[in-house]
Amino acid sequence: MASTADIRNGVVLNIDKQLWAVIEFQHVKPGKGGAFVRTKLKNVVTGKTVDRTFNAGAKIETENVDRRDFQYLYADGDSYVFMDVSDYDQLTVSSAVVGDAANFMLENQAVTVALHDGNPLYVELPASVVLEITYTEPGLQGDRSTGGTKPATVETGYQIQVPLFLEQGTKVKVDTRNGDYLGRVN
């Protein structure tokens, strides 16, 4: 058990048998009444975000979450296989845990996997990845860099919106959090 004084960004709390990561915290001491800690928590499994207030000095339960570097190897049916870069052990992770990260993962890509008691909780990708456009409609004469967008399929099979002037075979930088086009890569 820990107290509210131990709350920091990134700490994982066990509240009602669920794991919650602290995104933000603020220690508040109003002029009248007791001090309290205002927090913004994110559910480690579902990604849901809630605001929660704790009285100062209240006992909270912290959990140990091990974040380790892995390399994505290949997809195996409904699961994904990762290799721990430190000891070369392989870890199979279900598609439910990988979630939307599968849209941006290429083989041999470095990722971070969060483990709790040896069970994978989530897969974290870099903020952006470079992917090649495998299919998009050809641009028409008069297309400008400003203005409209068109759909394009990248090498993972995911579809993103790109500017009209981009062509098939172009490498683009994609934001892994929301799938937005960030720019071309030479």
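The name given to the chain in an unreviewed UniProt entry is Elongation factor P, with Cryobacterium lactosi as the source organism. On record in UniProt, under Pathway (unreviewed entry), the comment for the chain is "Protein biosynthesis; polypeptide chain elongation." As stated in UniProt under Function (unreviewed entry), the record for the chain gives "Involved in peptide bond synthesis. Stimulates efficient translation and peptide-bond synthesis on native or reconstituted 70S ribosomes in vitro. Probably functions indirectly by altering the affinity of the ribosome for aminoacyl-tRNA, thus increasing their reactivity as acceptors for peptidyl transferase."

S.K.: Mind showing me how you'd approach the overall build of the chain here?
M.R.: Secondary structure assignment for the chain yields 1 helix and 17 strands. Expressed as lengths along the three principal axes of its C-alpha atoms, the size of the chain is roughly 70 × 45 × 25 Å. Buried positions account for 36% of the 186 residues belonging to the chain. The long-range fraction of contacts in the chain, counting pairs at least 24 apart against all pairs at least 6 apart in sequence, stands at 42%. Counting only carbon and sulfur atoms, one obtains 45% of the accessible surface of the chain, whose full area is about 11,300 Å². Once the 18 positive and 24 negative side-chain charges of the chain are each reduced to a mean point, those two points are 13 Å apart.

S.K.: When you look at the UniProt feature "domain: Translation elongation factor P/YeiP central" (unreviewed entry) in the chain in this model, what are you seeing that I'm missing?
M.R.: Per the UniProt annotation, the sites labelled "domain: Translation elongation factor P/YeiP central" (unreviewed entry) are residues 67-121. Secondary structure over residues 67-121 splits into 7% helix and 56% strand, and the C-alpha atoms at its two ends are 10 Å apart.

S.K.: Sorry, what's going on with the domain arrangement of the chain here?
M.R.: A common way to report how large an interface is uses the accessible area buried once the components associate. You can read the domains of the chain as domain 1 (4-63), domain 2 (65-124) and domain 3 (128-184). When each unit is reduced to the centre of its C-alpha atoms, the spacing between domain 1 and domain 2 is 28 Å. Taken together, the 4 residues of domain 1 in the interface contact 4 residues of domain 2. Both sides together, the interface formed by domain 1 and domain 2 hides about 400 Å², and carbon and sulfur atoms give 72% of it.

S.K.: Teacher, can you tell me more about unusual backbone geometry here?
M.R.: Leaving glycine aside, a negative phi is the common case for residues, and trans is the common case for peptide bonds. With phi around 55°, D16 is a residue other than glycine that occupies positive phi space. With a relative accessible area of 68%, D16 lands in the exposed category. The phi angle at K17 is positive, at roughly 65°, despite the residue not being glycine. Relative to the helices and strands, K17 resides in the loop between strand 2 (12-15) and strand 3 (18-28).

S.K.: I tried to follow the nonpolar core on my own but got confused; where do I start?
M.R.: Burial of nonpolar side chains together is a common tendency in soluble globular proteins. Of all hydrophobic cores here, the largest spans 26 residues; its most connected members are F82, V98, M105 and V123. Residue assignment for this core shows that the elements contributing at least two residues are strand 8 (66-76), strand 9 (79-84), strand 10 (90-94), strand 11 (110-116), strand 13 (128-136), strand 14 (149-154), strand 15 (159-163) and strand 16 (171-175). When we break this core down by domain, the ones giving at least three residues each are domain 2 (65-124) and domain 3 (128-184). Excluding residues within four positions of it along the chain, V123 makes contact with F82, V93, V97, V98, A101, M105, V111, T112 and V113. Residues I7, I15, V37 and L41 belong to the second largest nonpolar core, which totals 10 residues.

S.K.: Whenever I open this one, the sheet that holds strand 15 confuses me. Can you help?
M.R.: Within a sheet, neighbouring strands are paired by backbone hydrogen bonds and run either parallel or antiparallel to one another. On the basis of which strands lie adjacent, the open sheet formed by 5 strands has the order 15-14-13-16-17 and antiparallel pairing. For this open sheet the edge positions go to strand 15 and strand 17 (181-184), each flanked by a neighbour on one side alone. On average, adjacent strands in this sheet sit at an angle of 50° to one another, irrespective of strand direction. Of the strand pairs in this sheet, strand 13 and strand 14 are connected by 3 bridges, and their pairing is antiparallel. Paired with I133 across the bridge in strand 14 is V154.

S.K.: Is there a simple way to explain the pattern of salt bridges in this structure?
M.R.: Where side chains of opposite charge bring their charged atoms close, a pairing between them can arise. The final tally for this structure, using the stated rule, is 5 salt bridges. Between R67 and E124 there is a salt bridge, with the nearest N and O atoms lying 2.3 Å from each other. Residue R67 is found in strand 8, and its partner E124 is found in strand 12 (residues 119-124); the two are separated by 57 residues along the sequence. For R67, a relative accessible area of 46% corresponds to the partly exposed category.

Procedures and definitions
- Residues numbered from 1 in each chain as written.
- Predicted model: local features only at pLDDT ≥ 70, side-chain atom pairs only at ≥ 80, totals over all residues.
- Heavy atoms only, no water.
- UniProt positions renumbered as here; feature names shortened; annotations may be inferred.
- Helix = DSSP H or I, 4+ residues; strand = E, 2+ residues; numbered from the N terminus.
- Buried < 20%, exposed > 50% of the residue type's maximum accessible area, 1.4 Å probe, protein only.
- Contact = heavy atoms within 4.5 Å.
- Areas by Shrake-Rupley, 256 points an atom, 1.4 Å probe, with all protein chains shown as cover.
- Lys, Arg positive; Asp, Glu negative; His and termini not counted.
- Charge placed at Lys NZ, Arg CZ, Asp CG, Glu CD.
- Domains from an automatic or database assignment.
- Buried area = accessible area lost by both parts, 1.4 Å probe.
- Core = buried A, V, L, I, M, F, W, Y, C linked by side-chain atoms within 4.5 Å.
- Pairing = 2+ DSSP bridges.
- Axes fitted to C-alpha atoms, helices over the stretch in contact; angles between N-to-C directions.
- Salt bridge = Lys/Arg side-chain N within 4 Å of Asp/Glu carboxyl O.

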